[in-house]
Amino acid sequence: MAGESDAYGPSARRSPISVPMSSSADELSSPDVTAQAEGPSPPSNDPVAGGPVVAFEDVSLRYGGGGDVLRDLTFTLEAGSFHFLTGASGAGKTTLLKLILMALRPTQGRIALFGRDTQRMTRAMLPPLRRRIGMVFHDRRLLDHLNAFDNVALPLRLAGGRVADYQGDVIELLGWVGLSDKMLAYPPELSGGEQQRLAIARAVVARPELLIADEPTGDVDHEMAVRILRLFVELNRLGTTVLIATHDLELVGRSGRPALHIDDGDLQLREAA
Amino acid sequence: MSELAPPPPGPLLPAEDARDGALVFVVAVLCFIACLAVVAALASNRAAHGWRAQLRDSATVVVRPSADETADAAAARAAAALADVRGVAEADALEREKAEALLEPWLGKNGLPDDLAIPRLVAVQLDPRHPATADALSAALVSAKVDATVDDHSLWLKDVLRAAFMAEAAALGTATLIAAAAGAVIAFATRASLQARGDLVSVLHLAGAEDRYIAGLFLMRFARLAAIAGAIGAGGAAVVTLVAKLVGGADGVTPILPVAWSDFAPLILCPLAAGAVAAVAARVTALNLLKAVT
């Protein structure tokens with residue numbers, strides 16, 4: 001894995017995330033709304049400092065011979081922004097997140113990540129880009145043969161980090177998501193909520209530049225949901241661009257953050273109330 | 001730093017797989033056969049060298065007695081003439097009994113009529129460093145006025161060497177084919193393992209692992225399994241070879257294919273060779289399959 005640590009750069013050596021322990025959603029600070037549902041910055045093949053982290057231009061996607069799941073989406077997520085992604089079940093939220101993660105290719109249109117046009121990327125260019133993204137999967141995708149510590153440490157391990165360097169951060173993060181006593185437990189031994197928290201810890205442990213989360217609070221109680229949201233807010237405060245897919249509209253409303261809403265394949269920006 | 005220090009990181013690829021036992025067995029059997037083929041090639045080579053030395057360093061002279069001389073006397077004169085030729089270490093006329101013994105496989109043990117003219121043979125041992133040529137031997141016999149034919153074994157030598165070469169080539173070819181078969185088995189197992197671990201591969205990919213890193217996980221796994229199988233196969237082949245060497249005896253395998261202690265040395269390399277073949281097969285297969293994973 002020589003050379004891979006460059007992809008993480010300084011982020012892998014940042015100090016542990018410090019998050020207030022309050023569980024009040026009302027304490028979530030107001031965001032800088034930077035999403036633009038119209039008039040995107042044109043994707044280019046050169047990384048642009050301070051430019052949009054994600055830029056979709058007329059992106060459509062359909063599976064097989066079916067109709068468009070997503071249709072002519074054009075939007076940008078500016079660096080340091082915080083958005084929810086809402087929509088009915090089956091509206092295409094997960095599909096959109098997969099497009100950002102480059103797990104799917106659009107049927108048409110262009111997607112730029114960190115200023116790079118993904119269409120022009122070779123296969124070898126994907127891993128360094130993906131290491132800048134933290135992803136919380138709806139189905140968690142934990143590795144059942146690794147204990148909780150190793151699951152959380154996975155991104156750091158893939159970046160070439162040494163256990164001695166990252167174990168303090170991993171243990172602290174596990175403590176923050178309430179899994180200190182489950183550090184050596186394996187995912188099948190954890191409850192659904194615990195697995196969810198583990199997946200979130202894995203996604204944020206490397207302090208990604210972009211965090212995308214698919215229903216991260218779906219299997220946790222309200223108190224833990226708010227607490228997880230505060231973790232995301234704190235990450236965002238430190239510079240991480242955040243996009244969270246959810247259908248918990250109450251949480252969205254109380255957070256004071258804007259939402260990108262998908263309806264019938266189209267995207268609308270809903271400003272914070 | 002917490003006092004609850006975690007244990008060393010677990011393997012990214014699960015260490016155990018239900019198919020490992022069958023894979024190790026198949027590769028071990030292939031390694032066993034390959035090792036025996038290599039030992040057979042070495043023994044063939046050694047046998048060929050031995051036969052060549054025996055045939056090249058000796059000649060046989062068939063003496064036909066004349067009407068005014070007994071066969072024994074003619075053979076004795078021939079031996080005396082040949083002994084003086086430069087490049088001859090020793091020339092011995094075989095008595096009638098020995099000549100009859102040579103004919104026994106064709107004429108039986110019942111004895112031959114005394115009046116049957118049996119050609120006498122003169123066994124000639126040549127100087128290994130400067131062996132006399134067949135022409136020189138024939139010239140000496142002509143000078144001694146002995147009616148005889150010199151057989152310097154050159155005709156047999158070519159056939160024997162060709163046969164030995166064929167045996168050696170067949171053994172090495174077999175070993176090569178088996179190595180290829182082992183590689184194919186490992187490639188098949190890698191493909192199955194990679195497909196069975198699609199969830200793991202997907203997570204690693206999306207977490208930013210490069211293809212060569214993921215392929216390296218499978219490489220290490222199958223190289224280790226193949227090395228274990230190679231050790232088992234080589235161990236089995238060593239036992240069989242040892243039995244052939246120690247128990248074969250005069251009527252066993254050893255006289256035909258002489259096994260030396262040095263023949264056991266290549267068996268030590270079997271685990272390494274098996275591991276190397278598996279590493280290449282697993283890496284190539286994994287990299288090809290990973291191209292299809294987004």
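These figures come from a predicted structure and were not determined experimentally.

> Honestly, the pairing of strand β4 (residues 108-113) of chain A in this entry has me stumped. Any pointers?
A regular strand carries its side chains on alternate faces of the sheet. Residue and element names in this part refer to chain A. By the bridge criterion, 5 bridges tie strand β1 (residues 52-62) to β4 in an arrangement that is antiparallel. Its bridge partner lying in β4, phenylalanine 56 is registered against isoleucine 111. As defined by bridge partners, β4 adjoins strand β5 (residues 116-117) across 2 bridges and the pair is classed as antiparallel. Considered in β5, the bridge of leucine 113 is made with arginine 116. The hairpin formed by β4 and β5 contains 2 residues between the paired strands, and phenylalanine 114 there has a positive phi angle of roughly 50°.

> Explain the nonpolar core here, please?
Among soluble globular proteins, nonpolar side chains are generally buried collectively. Counting residues in each nonpolar core, the largest one holds 140 residues, and the members touching the most others are Leu174 of chain A together with Cys31, Cys35, Ile186, Ala226 and Ala274 of chain B. In terms of residues, this core owes the most to one element, helix α1 (residues 20-56) of chain B, which gives 16 residues. Apart from the residues lying within four places of it in its own chain, the contact partners of cysteine 35 of chain B are Gly233, Ala234, Ala237, Leu267 and Cys270 of chain B. One finds Val88, Leu126, Leu137 and Ala140 of chain B within the second-largest nonpolar core, a separate group that totals 24 residues.

> Got a minute to help me understand the pairing of strand β8 (residues 241-245) of chain A in this structure?
All names here are of chain A. Counting buried positions along β8 yields 5 of 5 residues, so the element is predominantly enclosed. Of the two faces of β8, the one lined by Thr241, Leu243 and Ala245 and the one lined by Val242 and Ile244 are each fully buried. Both strand β3 (residues 82-87) and β8 contribute to a ladder of 4 bridges, which runs parallel. Directly across from phenylalanine 82, in β8, lies its bridge partner valine 242. Where strand β7 (residues 210-214) and β8 come together, 5 bridges link them in parallel fashion.

> Could you clarify how one ought to interpret the interface of chain A and chain B in this entry?
One frequently used descriptor of interface size is the decrease in accessible area upon assembly of the parts. Across the boundary between the two partners, chain A contributes 26 residues, which contact 18 residues of chain B. Secondary structure elements with two or more residues in the side of chain A that touches chain B: α3 (126-130), α4 (148-158) and α5 (163-176) of chain A. Among the elements that make up the side of chain A that touches chain B, the one with the highest residue count is α4 of chain A (6 residues). Of the residues that constitute the side of chain A that touches chain B, the class distribution is 17 nonpolar, 4 polar and 5 charged.

> Hey, could you run me through the environment of phenylalanine 137 of chain A in this one?
All names here are of chain A. The residue phenylalanine 137 is located in the loop between β6 (133-136) and α4 in this model. C-beta crowding within 10 Å serves as the criterion here: with 23 such atoms nearby, phenylalanine 137 is assigned to the buried category. Apart from residues no more than four positions distant in its own chain, phenylalanine 137 is found in contact with Ala199 and Asp214.

> Whenever I open this one, the sheet that holds β1 of chain A confuses me. Can you help?
Sheet strands line up and pair through hydrogen bonds in the backbone, either parallel or antiparallel. One open sheet holds the 4 strands; their spatial order is β2-β1-β4-β5 (chain A), and the pairing between them is antiparallel. Each edge of the open sheet carries a strand with a single partner, namely β2 (68-78) and β5 of chain A.

> Looking at this structure, how should I read helix α5 (residues 154-196) of chain B?
Three- or four-residue spacings in an α-helix give side chains the same orientation, since the helix completes a turn every 3.6 residues. Residue and element names in this part refer to chain B. Taking 1.5 Å per residue as the helical rise, α5 with its 43 residues ought to reach 63 Å, and the 62 Å between its terminal C-alpha atoms agrees with that figure. Every buried residue of α5 is listed here: Ala171, Ala175, Ile178, Ala182, Gly183, Val185, Ile186, Ala187, Ala189, Thr190, Ser193 and Leu194. Turning to α5, the residues buried within the fold contact α1, α6 (198-206), α7 (211-247) and α8 (265-290).

> Explanation requested: unusual backbone geometry in the structure shown.
Trans peptide bonds make up the majority, and among non-glycine residues the majority have a negative phi. All names here are of chain A. One non-glycine residue, phenylalanine 114, lies in the positive phi region at around 50°. As for its position among the elements, phenylalanine 114 is in the loop between β4 and β5. On the basis of neighbour count, phenylalanine 114 is assigned to the buried category, with 21 C-beta atoms found within 10 Å. Despite not being glycine, arginine 207 shows a phi value in the positive range, around 50°. Summarising the element assignment, arginine 207 is placed in the loop between α6 (192-204) and β7. Arginine 207 sits in the buried class, given 22 other C-beta atoms within 10 Å.

> I'm lost on the sheet that holds β3 of chain A in this one. Help?
All names here are of chain A. Taken together, the 6 strands give an open sheet; going across it, the order is β6-β7-β8-β3-β9-β10, and neighbouring strands pair in mixed fashion. One side of each edge strand has no neighbouring strand; the edge strands of this open sheet are β6 and β10 (266-270). In this sheet, adjacent strand axes meet at a mean angle of 15° when their direction is disregarded. Where α6 meets the sheet, its contacts fall on β6 and β7, and the angle it forms with β6 comes to roughly 175°.

> Looking at this structure, I do not really get the packing of α1 of chain B against α8 of chain B. What am I missing?
When two helices pack together, you describe them by how their axes are tilted relative to each other and by the distance separating the axes. Residue and element names in this part refer to chain B. Put simply, α1 and α8 touch, their axes get as near as 10 Å, and they point 140° apart. Considering the angle they form, α1 stands oblique to α8. As α1 runs across α8, the sense of the crossing is right-handed. Listed contacts from α8 to Val27, Cys31, Cys35 and Val38 of α1 are Pro266, Leu267, Cys270 and Ala274. Residue composition of the contact of α1 with α8, by class: 8 nonpolar, no polar and no charged.

> What is the right way to read the environment of histidine 83 of chain A from this model?
Residues and elements named next belong to chain A. Tracing the chain through its elements places histidine 83 in strand β3. Classification of histidine 83 as buried rests on a count of 27 C-beta atoms within 10 Å. The spacing of histidine 83 and valine 252 is 169 residues in sequence and 9.2 Å in space, taken between C-alpha atoms.

> Looking at this structure, I do not really get the packing of α1 of chain B against α7 of chain B. What am I missing?
Residue and element names in this part refer to chain B. Where α1 meets α7, the axes come as close as 7 Å, and the angle between the chain directions of the two elements is 45°. With respect to α7, the axis of α1 lies oblique. For the crossing formed where α1 meets α7, the hand is right-handed. Contact with α1, carried on its side by Asp20, Leu23, Val24, Val27, Ala28, Val29, Leu30, Cys31, Phe32, Cys35, Leu36 and Val39, involves Leu225, Ala226, Ile228, Ala229, Gly230, Ile232, Gly233, Ala234, Gly236, Ala237, Val240 and Thr241 of α7 and no other residues of that element. Of the residues assigned to the contact of α1 with α7, the class counts are 19 nonpolar, 4 polar and 1 charged.

So, how was this worked out
Residues numbered from 1 in each chain as written. Chains lettered and ligands numbered in written order. Predicted model: local features only at pLDDT ≥ 70, side-chain atom pairs only at ≥ 80, totals over all residues. Pairing = 2+ DSSP bridges. Helix = DSSP H or I, 4+ residues; strand = E, 2+ residues; numbered from the N terminus. Core = buried A, V, L, I, M, F, W, Y, C linked by C-beta atoms within 7 Å. Buried ≥ 20, exposed ≤ 12 C-beta atoms within 10 Å, placed from the backbone. Contact = placed C-beta atoms within 7 Å. Nonpolar A, V, L, I, M, F, W, Y, C, P; charged D, E, K, R; others polar. Expected span 1.5 Å × (residues − 1). Axes fitted to C-alpha atoms, helices over the stretch in contact; angles between N-to-C directions. Parallel < 35°, antiparallel > 145°, perpendicular 65-115°, else oblique. Left-handed = near helix turned anticlockwise from the far one by under 90°.

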